[in-house]
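# Structural description and commentary
For reference, the chains in residue letters:
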Amino acid sequence: MNKHNTAATGSISFREKVAYGVGDIGFNFYWANISAFLLIFYTDVFGISAAAAGTMMLVTKIVDAFTDPMMGAIADRTKSRFGKFRPYIIWLALPMAAAGVLTYSTPDISEGGKLIWAYATYTLMMLIYTAINIPYSALSGVMTADSQQRTTLISFRFIGGFTGGILVTYLTPKLVPWLGQGNDVLGWQLTMAIFGIAAALMFLATFWFTRERIKPINQISESAWRDIADLKDNKPWLVLFALALIIMICITMRAGSGVYYFKYFVQRPELVGEFLSSYMFALALGAACTPLMTRFIDKKRLMILLMSLTGVLSISLYFVPAQQVGLIFAINLAIGFVLGPKSPLAFSMYADTADYNEWRTGRRATAMTFSAATFSQKLGGAIASAAIGWLLALLGYVANEQQSAASQDGIVLLISVIPGVIALLSAFVMRFYSLDNQQLAKIQYELAERKAAAAKL
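Residues numbered from 1 in each chain as written. Predicted model: local features only at pLDDT ≥ 70, side-chain atom pairs only at ≥ 80, totals over all residues. Heavy atoms only, no water.

Moving on: the overall build of the protein. Scanning the protein from N- to C-terminus turns up 20 helices and 0 strands. Scaling as 2.2 N^0.38, a compact globule of 457 residues should have a C-alpha radius of gyration of about 23 Å, and the protein matches this with 22 Å. With the principal axes as the frame, the protein shows a C-alpha extent of 75 × 45 × 35 Å. Within the protein, the proportion of its 457 residues that are buried is 58%. Summed over all atoms, the accessible surface of the protein reaches about 17900 Å², with 68% contributed by carbon and sulfur. With 36 positive and 26 negative side-chain charges, the protein shows a spacing of 8 Å between the two charge centroids. (Helix = DSSP H or I, 4+ residues; strand = E, 2+ residues; numbered from the N terminus. Rg over C-alpha atoms; globule rule 2.2 N^0.38 Å. Buried < 20%, exposed > 50% of the residue type's maximum accessible area, 1.4 Å probe, protein only. Areas by Shrake-Rupley, 256 points an atom, 1.4 Å probe, with all protein chains shown as cover. Lys, Arg positive; Asp, Glu negative; His and termini not counted. Charge placed at Lys NZ, Arg CZ, Asp CG, Glu CD.)

What follows is the structure, given as structure tokens:
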């Protein structure tokens, strides 16, 4: 048995895990910026209304409704000497950097022209993001077949992702004014150029040091529609699809409203970087603890427990006065720690549902499994961003001005009660997930037997 076959069923090297995780640092130079800063960039720097910005971020996800599964189908059918998924990570690194700079650029044109620019550049950035991120996500499903190893691998991914989030949320509020020297428009362009170059180097490391090992028993079906039909009948995956949508609304609503919360409610905008980066650190710590947690608690029960705690802690933030900055930070850190394992747990379970689908149908579509799930995450993030923009507009938000009592209360609700209730809803949805450790062991055993039999033919 060669080393690649051994790695398919056993442990993979620490270097390869780190290389995979480094890729998500790069992705979060974009994703964390979108979640935390893009809406306030559009309202307070770019110069469009909160309602228009929120609507734009939702409407553009209609394009993603088609491009995510389309990219999944393309990646599953890609054949190259580098594999199915790794080539996209290197091919699209520089186009991604260019699209990021364009999205955070502010041309000197009319308000209507700016809105068209925002639609065009944000759509372009998300199209390229999809084309590189879908193969990256699917890569974790073909690096190893061992469920616990996948949890560890994906924990490395999200430790990397949250590390990228820490860097972005801490450095961005400092880099923009420093690089712009009073010109925030220039500051945002230069900041995104730096992030884009750094992300490209990290994508190169992921491409170079990772390997694809898992091969389907049979050739993939010729029809992408068959892949989608398989997912429609994959009940564990459907639960995860709904779960990803709901949880991403919770996460993005908290992240996107955090800047507004400290700027207009706490009235300490200088603490925004520390508030968001410390939260990302807590998320990373929680993600790092995920493999330890899953040794003692089934993934399903662990997810229910963590999302329930997230809901209770988030709602409690509503009752904290603006002057209690220390308590605000403490609650936010606790939320980050219990929410951190969510991402590695969910993506590990996506890989498990790809195995389940192959076991049930004899067909494997790893990238399609991840792409449709990624779409639900992006849709959830877009719904949250749109909801923030719409609610702020409804309550009379005016950029860079003292907010009304109604507007301030709305900002507090957006970071506390509303995402808290959504987190509790996600815990309820998770009750319907059916793949436990015993069934997964059976699936892996039978798939291995089928592959061994096929190899003898």
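There's plenty left to go through after this.
Let us look at the side chain of Thr294. With respect to the helices and strands, Thr294 occurs in helix 13 (residues 290-296). Residue classification places Thr294 among the buried residues on the basis of a relative accessible area of 9%. Within the structure, Thr294 has its side chain in polar contact with the backbone oxygen of Pro291 (distance 3.0 Å). Not counting residues up to four positions away in its chain, the partners in contact with Thr294 are Gln148, Thr151, Lys299, Leu302 and Leu345. (Polar contact = N/O pair within 3.5 Å; in protein donor to acceptor, adjacent residues only side chain to side chain. Contact = heavy atoms within 4.5 Å.)

As a further point, take helix 12 (residues 272-288). Along its 17 residues, helix 12 runs 24 Å from first to last C-alpha, staying within 8% of the 24 Å computed at 1.5 Å per residue. Most of helix 12 sits inside the fold, with 13 of its 17 residues counted as buried. (Expected span 1.5 Å × (residues − 1).)

Relative to the elements of secondary structure, Asp108 occurs in the loop between helix 6 (93-103) and helix 7 (111-143). Overall, the relative accessible area of 82% leaves Asp108 in the exposed class. Note: C-alpha distance between Asp108 and Phe275 (167 residues apart in sequence) is 33 Å.

Before going further, it helps to spend a moment on the packing of helix 2 (residues 14-46) against helix 3 (residues 50-59). Contact pair helix 2 / helix 3: the axes reach a minimum separation of 8 Å and the direction vectors enclose 135 degrees. Relative to helix 3, the element helix 2 is oriented oblique. The hand of the helix 2/helix 3 crossing is right-handed. Taken together, the residues of helix 3 that come into contact with helix 2 (itself represented by Ile34, Leu38, Leu39, Tyr42 and Thr43) are Ala50, Ala53, Gly54, Met56 and Met57. (Axes fitted to C-alpha atoms, helices over the stretch in contact; angles between N-to-C directions. Parallel < 35°, antiparallel > 145°, perpendicular 65-115°, else oblique. Left-handed = near helix turned anticlockwise from the far one by under 90°.)

Inspection of every chain in the model, using the stated rule, returns 6 salt bridges. A salt bridge links Glu270 to Arg268, with the nearest nitrogen and oxygen atoms 2.5 Å apart. (Salt bridge = Lys/Arg side-chain N within 4 Å of Asp/Glu carboxyl O.)

Enumeration over the complete set of coordinates arrives at 30 aromatic pairs. Ring geometry for Phe275 versus Phe329: centroids 5.6 Å apart, planes at 85 degrees, classification edge-to-face. Pair noted here: Phe275 is in helix 12 and Phe329 is in helix 15 (residues 325-339), with a separation of 54 residues, a long-range link. Taking relative accessible area as the criterion, Phe329 reaches 17% and is therefore assigned buried. The rings of Tyr20, Phe27, Trp31, Tyr129, Tyr136 and Phe203 are connected pair by pair, giving a single aromatic cluster. Above the ring of Phe207, the side-chain terminus of Arg86 is found at 4.7 Å from the ring centroid. Across the ring face of Phe46, the terminal group of Lys114 is positioned such that the distance to the ring centre comes to 5.8 Å. (Phe/Tyr/Trp six-rings, centres within 6.5 Å; stacked < 30°, edge-to-face > 60°. Lys NZ or Arg CZ within 6 Å of the ring centre and 35° of its normal.)

Where helix 2 meets helix 8 (residues 147-180), the axes come as close as 6 Å, and the angle between the chain directions of the two elements is 40 degrees. Judged by the inter-axis angle, helix 2 sits oblique to helix 8. With respect to the hand of their crossing, helix 2 and helix 8 are arranged in right-handed fashion. Broken down by class, the residue content of the contact of helix 2 with helix 8 amounts to 14 nonpolar, 12 polar and 3 charged. (Nonpolar A, V, L, I, M, F, W, Y, C, P; charged D, E, K, R; others polar.)

Buried together is how nonpolar side chains tend to be arranged in soluble globular proteins. Ranked by size, the top nonpolar core spans 136 residues in total, and within it Tyr42, Tyr122, Tyr261, Phe262 and Met303 carry the most contacts. The element that contributes the greatest number of residues to this core is helix 11 (residues 235-265), accounting for 18 residues. Those residues in contact with Tyr261, other than ones at most four positions away along the chain, are Val266, Leu317, Ile328, Ile411, Val412 and Ile415. (Core = buried A, V, L, I, M, F, W, Y, C linked by side-chain atoms within 4.5 Å.)

Across its 31 residues, helix 11 extends 43 Å between first and last C-alpha, which sits within 8% of the 45 Å expected from 1.5 Å per residue. Maximal helix bending in helix 11 amounts to about 35 degrees, located at Ser257. Counting buried positions along helix 11 gives 25 out of 31 residues, so the element sits mostly inside the fold. Directly beyond the C-terminal end of helix 11, a positive phi value near 60 degrees is found at Gln267. (Bend = angle between axes of the 7 residues up to and from the residue.)

Further remarks concern the side chain of Ser277. Counting through the fold element by element, Ser277 comes out in helix 12. Residue classification places Ser277 among the buried residues on the basis of a relative accessible area of 9%. Polar contacts involving the side chain of Ser277 include one to the main-chain carbonyl oxygen of Glu274, which spans 3.4 Å. Excluding its chain neighbours within four sequence positions, the residues that come into contact with Ser277 are Ile166, Thr169 and Tyr170.

Per-residue pLDDT for the protein has a mean of 87; in total, 93% of the residues score no lower than 70. Taken as a whole, residues 1-7 scores under 50 in pLDDT and shows 7 contacts with residues more than four places along the chain or in a different chain. (pLDDT = per-residue confidence, 0-100.)

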